[in-house]
Amino acid sequence: MANYVTVQDLIDDLLSRDFDYYMDSMLDNVPDDLDKRQGSIIYDALAPAAQQQAEDNLILSEYIKQSYTLVPRASS
């Protein structure tokens with residue numbers, strides 16, 4: 001039987017991918033011999049991208065919610 005993703009599953013997944021998720025993911029790709037602490041050059045260079053990705057997820061999840069919400073039609 002196929003595994004189907006519901007609209008709510010998709011929204012939940014997007015919302016779980018926050019700033020920390022993206023920072024951790026990107027910093028995992030940085031060699032351990034570099035300073036990756038908050039305030040370091042590499043952290044400060046990656047932070048805006050992580051913030052933008054997290055914000056884009058919020059916007060995308062809202063678009064998905066609105067797309068799958070049934071709006072009653074106005075009666076004539």
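See the structure above.
Note that this is a predicted model, so its numbers are computed, not measured.

### Some points on a negative patch on the surface
Turning to step 1, where the next piece is worked out: Residues Asp-18, Asp-20, Asp-24 and Asp-28 make up a contiguous surface patch of negative charge.
Turning to step 2, where the next piece is worked out: One can find Asp-20 in helix 2 (residues 19-27).
Turning to step 3, where the next piece is worked out: We classify Asp-20 as partly exposed; its relative accessible area is 46%.

### Section: helix 2
For an α-helix, 3.6 residues make a turn, and residues three or four places apart therefore share a direction.
Turning to step 1, where the next piece is worked out: By the burial criterion, the buried members of helix 2 are Tyr-22, Met-23 and Leu-27. Axial view of helix 2: buried residues confined to an arc of 125 degrees, hence all on one face.
Turning to step 2, where the next piece is worked out: Looking at the buried side of helix 2, the elements it contacts are helix 3 (41-67).

### Structural notes on the packing of helix 2 against helix 3
Turning to step 1, where the next piece is worked out: For the pair helix 2 and helix 3, interaxial distance at closest approach is 8 Å and the crossing angle is 135 degrees. In terms of axis orientation, helix 2 runs oblique to helix 3. Crossing hand, helix 2 versus helix 3: right-handed. Across the interface between the two elements, Phe-19, Tyr-22, Met-23, Met-26 and Leu-27 of helix 2 pack against Tyr-43, Leu-46, Ala-47, Ala-49, Ala-50, Gln-51, Gln-53, Ala-54 and Asn-57 of helix 3.

Thresholds applied
- Residues numbered from 1 in each chain as written.
- Predicted model: local features only at pLDDT ≥ 70, side-chain atom pairs only at ≥ 80, totals over all residues.
- Heavy atoms only, no water.
- Patch = residues over 30% accessible without salt bridge, like charges linked within 9 Å, V, L, I, M, F, W, Y side chains within 5 Å.
- Areas by Shrake-Rupley, 256 points an atom, 1.4 Å probe, with all protein chains shown as cover.
- Salt bridge = Lys/Arg side-chain N within 4 Å of Asp/Glu carboxyl O.
- Lys, Arg positive; Asp, Glu negative; His and termini not counted.
- Charge placed at Lys NZ, Arg CZ, Asp CG, Glu CD.
- Helix = DSSP H or I, 4+ residues; strand = E, 2+ residues; numbered from the N terminus.
- Buried < 20%, exposed > 50% of the residue type's maximum accessible area, 1.4 Å probe, protein only.
- Arc of directions from axis to C-beta.
- Contact = heavy atoms within 4.5 Å.
- Axes fitted to C-alpha atoms, helices over the stretch in contact; angles between N-to-C directions.
- Parallel < 35°, antiparallel > 145°, perpendicular 65-115°, else oblique.
- Left-handed = near helix turned anticlockwise from the far one by under 90°.

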